[in-house]
Amino acid sequence: MRFSPTSNFLFRVSTDPAFGTGHTARLLALRLCLSHRVTWFTDPGGRHMLSPSIPEQDSVLEEADITSVERLQSYARENAAELIVCDSYHVACDDLREAAIKTVYFCDYNKDNYPANFTMINSQPNAVPKFGWLTGPAFMPLTIREKNQTEVDFKSLSQPVNCLVGFGSVDTNNVTSLALSALLSDENLRNLVRPICLLGPWFKQTEEVEKQLKSFPDARLITDCAGVLDMPFMCPLAIGAPGVSHAERLYAGAATVLVPQISQHEALCKGWQDEGCALAARPDIEDIANQIRALVANNFEKAVKISRRGQAVIDGKGASRIAEKILEG
């Protein structure tokens, strides 16, 4: 179907801080590519988080809990909405199907039990292509904040080299400290790499991280950046998790060692490695250190390849590609 300029779109998004900010970041990137009015439906408390980032003509309604779509369903019936876009793992597809309108659903994991008439978006490199689905990194929604890609000149780097260490807005299991321990486990790495730690607003172990950073000659701690592309430092190397932040690192040309925060991340890390866009490590001090050593060996040979490949794969146009597919019906 074709949408008119006055069509009303409904976005259901996960905003509970316990589940990170990647869901919101993806839909905000998509929102920038749409001229239609959008009504947002969030988890409880999501209005305060979302309102500063959306256009003035948009409105925000909060659902009763993280699984609910009752307000969305009611609104869809009363206002003749024409499209639902959902980015929340806690919302069941069957509940959205009851609205009986075109639905777009984000999911990062390969599953088969989705309604046949849904448009599924899986922007991970290991996504299984299916008819009518939008799969692979070409459909990674990313807000590039008007920043152009710049090729990293690894030949001119001086030591210590900036290494971004960041694991999203929450990092419940404090994989940040595990990554720093890996760098501290090798004296050569400690002198070669300068950790630039990016901590999210809901990170709870800041004191432990600050203590570790004192063991490096000139480390940095950053807590006031909205994302990787807002960093005040250029970081050619990185240690982090898969997700929107990794897409930002790839766009910026950072060569990353990916470490899973949860078991579901393991396949995603391997998928990015197979794509040539990262080295995957187990959540283990020795393995993380080994992968960083591999990244910088032979004058950054692997880092250069990953950086170049990453900037080709993540070109910042994923959200516009999704919008084009949605609008063409």
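The preceding data block contains the structure.
Reading the values: the criteria
For every chain, the first residue of the written sequence is number 1, and numbering continues from 1 along that sequence. Confidence filtering applies because this is a predicted model: local features only for residues at pLDDT of at least 70, side-chain atom pairs given and counted only at 80 or more, and all residues used for totals across whole chains, interfaces and linings. Hydrogens and waters are ignored; side-chain quantities use all the structure's heavy atoms. Salt bridges are counted wherever a side-chain nitrogen of Lys or Arg sits within 4 Å of a carboxyl oxygen of Asp or Glu. Relative accessibility under 20% of the residue-type maximum defines a buried residue, over 50% an exposed one, and the middle range a partly exposed one, all with a 1.4 Å probe and only protein chains included. Every helix listed is a DSSP run of H or I at least four residues long, and every strand listed is a run of E at least two residues long, numbered separately from the N terminus. Taking the helix axis as origin, the arc is that swept by the directions to the C-beta atoms. Here, residues are in contact when the closest pair of their heavy atoms is within 4.5 Å. Whether a crossover is right-handed comes down to one check: with the strands pointing away from the viewer, does the path from the first strand over the helix to the second run clockwise; if it does, it is right-handed. At least two DSSP bridges between two strands are required for those strands to pair. A pair of Phe, Tyr and Trp rings is counted when the ring centres sit within 6.5 Å of each other, with Trp represented by its six-membered ring. The angle between the planes then sorts it: under 30 degrees is stacked, over 60 is edge-to-face, the rest tilted. Orientation is described by axes fitted as lines to C-alpha atoms, over the contacting stretch for helices, and by angles from 0 to 180 degrees between their N-to-C directions.

According to the stated counting rule, one finds 18 salt bridges in the structure shown. Put simply, Asp 218 and Arg 220 hold a salt bridge, and the shortest N to O gap is 2.4 Å. On the basis of relative accessible area, Asp 218 is assigned to the partly exposed category, the value being 30%. Its salt-bridge partner being Glu 275, residue Arg 309 comes within 2.7 Å of it at the nearest N-O pair.

This paragraph deals with the environment of Ser 245. Mapped onto the elements of the fold, Ser 245 is located in helix α8 (residues 244-252). It is 14 Å that separates the C-alpha atoms of Ser 245 and Gln 311, two residues lying 66 residues apart in sequence.

This brings us to unusual backbone geometry. Residue Gln 159 is joined to Pro 160 through a cis peptide bond whose omega torsion reads 0°. In this structure, Pro 160 sits in the loop between β7 (134-135) and β8 (161-166).

All right, on to helix α3 (residues 70-79) then. Within α3, burial applies to Leu 72, Gln 73, Tyr 75 and Ala 76. For α3, the angular spread of buried residues about the axis comes to 165°, placing them on one side. Away from its buried face, by an angle of more than 90 degrees, α3 presents the exposed residues Glu 70, Arg 77 and Glu 78. Where α3 is buried, its residues contact β1 (8-13), β2 (37-42), β3 (59-62), β4 (83-87) and α4 (93-97). Looking one or two residues past α3, Ala 80 carries a phi angle of roughly 50°, positive in sign.

A few words now on the pairing of β2. For β2, the tally of buried residues reaches 5 of 6 residues, placing the bulk of the element in the interior. One crossover worth recording links β1 to the parallel β2 by way of helix α1 (residues 22-31), and it is right-handed. Inspection of the sheet shows β2 paired to β3 by 4 bridges, in the parallel sense. Across the sheet, Phe 41 pairs through a bridge with Leu 61, a residue of β3.

Here the focus is the packing of aromatic side chains. Inspection of the entire model under this criterion finds 5 aromatic pairs. When the centroid spacing of 5.7 Å and the interplanar angle of 70° are considered together, the rings of Phe 41 and Tyr 75 count as edge-to-face. Of this pair, Phe 41 sits in strand β2 while Tyr 75 sits in helix α3, and the two are 34 residues apart along the sequence. Of the two residues, Phe 41 and Tyr 75, both sit in the buried class.

If you walk across this open sheet you meet the 6 strands as β10-β9-β8-β11-β12-β13, and the pairing is parallel. A single partner strand is all that each edge strand has here, and the edge strands are β10 (220-222) and β13 (279-280). In the sheet, strand β12 (residues 255-258) pairs with β13 via 2 bridges, with the strands oriented parallel. By the bridge assignment for β13, Val 257 is matched with Leu 279. Each of β8, β9 (193-198) and β11 (237-240) touches helix α5 (residues 175-184); the most contacted strand, β9, lies at about 175° to it.

Take the environment of Pro 141 next. Topologically, Pro 141 is positioned in the loop between β7 and β8. Not counting residues up to four positions away in its chain, the partners in contact with Pro 141 are Arg 26, Ala 29, Phe 106, Ser 123, Gly 318, Ala 319 and Ile 322.

Before going further, it helps to examine helix α7 (residues 206-213). Looking only at α7, the buried set comprises Val 209, Gln 212 and Leu 213. Along α7, the residues classed as buried sweep out an arc of 100° about the axis, all on the same side. Those residues of α7 that are exposed and aimed more than 90 degrees away from the buried face are Glu 207 and Lys 211. Summarising the contacts, the buried residues of α7 are in contact with α5, β9 and β10.

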